[in-house]
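Here is how the chains run, residue by residue.
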Amino acid sequence: MRRNAYVLASIGLAVGSILGIAGTATNSPGPRGLAWGIDGLALVMASSILAIEHVRANQDALASGFLVFTVGQGLILSTAAAPLAGAAPTFGAGVGLWAVALLMISIPRVFPLVVRLLGIASALLFSITAAGIFWGESLTATSAPLPSLAYPVLVATMLGWIWSFWRKGYLSAGR
């Protein structure tokens, strides 16, 4: 495990978490689009790094999960500056991929149980969101209760990943 890769991935996860929630909290399209754009770029970077690092660690299932997360985040990133209603189908595909990725990452016994349970809960919430969009419901990225309630669970999951890297020593200077 390479320390610099985990530090960079952790920064990307933290930036994505903060700006994703900030973008969701604003009603103004310009600031929301900028926050979500930077959030998406940071999460694509982080999940790509984590996919490579887990391939190197022979954790192929986990690496595949991070790769699927990267693809889903790429779709969601493409909607950052789009009108919410017009972006809904692409957003639905992206959160559907997030749900699959979160399950793929959470099922292997690599992360602590509480982090895995958060990931599974997040996957369930995003699965419901994606299914609703695919069914034709008028859901957007800021709809309540879903997907709005799913974001804090996703953020808690990503913070759990960072905590796990720190706990395993991947973020310490000695690695």
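Please read these numbers as outputs of a predicted model, since none were measured by experiment. Within each chain, residue numbers correspond to sequence positions counted from 1 in written order. Per-residue local features are limited, in this predicted model, to residues with pLDDT of at least 70; the limit for side-chain atom pairs, both in listing and counting, is 80 or more; totals at the level of whole chains, interfaces and linings are taken over all residues. Excluding hydrogens and water, the side-chain values take into account all heavy atoms of the structure.

1. Focus on the nonpolar core
Point 1. By nonpolar core we mean a set of buried residues, namely Ala, Val, Leu, Ile, Met, Phe, Trp, Tyr and Cys, connected to one another through side-chain atoms within 4.5 Å. Each residue gets one of three labels from its accessible area relative to the maximum for its type: buried under 20%, exposed over 50%, partly exposed in between, using a 1.4 Å probe on protein chains only. Grouped together as the largest cluster of nonpolar side chains are 42 residues, with contacts concentrated most on L13, F66, W98, F111, F126, W161 and F165.
Point 2. At the level of secondary structure, the elements contributing two or more residues to this core comprise α1 (3-25), α2 (29-56), α3 (60-77), α4 (84-106), α5 (113-135) and α6 (150-167). The way it works is that DSSP assigns letters per residue, a run of H or I at least four long becomes a helix, a run of E at least two long becomes a strand, and they are numbered from the N terminus.

2. A short note on the environment of F165
Point 1. Among the structural elements, F165 can be located in helix α6.
Point 2. Of the residues examined, F165 reaches a relative accessible area of 1% and is grouped as buried.
Point 3. Once the C-alpha coordinates of F165 and G20 are considered, the two residues, 145 residues apart in sequence, prove to be 21 Å apart.
Point 4. Two residues qualify as a contact provided that any one of their heavy atoms is within 4.5 Å of a heavy atom in the partner residue. In contact with F165, other than residues within four places in its own chain, are Y6, S10, L13, L50, F111, Y170 and L171.

3. Observations regarding the pattern of salt bridges
Point 1. Only one rule defines a salt bridge in this text: a Lys or Arg side-chain nitrogen within 4 Å of an Asp or Glu carboxyl oxygen. Summed over the entire model, instances satisfying the criterion amount to two salt bridges.
Point 2. Ionic pairing is found between R2 and E53, a salt bridge with its closest N-O pair at 3.1 Å. You can see R2 sitting in the segment before α1 and its partner E53 sitting in helix α2, a full 51 residues away along the chain.
Point 3. Classification of E53 as buried rests on a relative accessible area of 2%.
Point 4. Linked through salt bridges whose partners overlap, the residues forming this network are R2, E53 and R56.

All quantities given are derived from atomic positions and should not be read as evidence of function.
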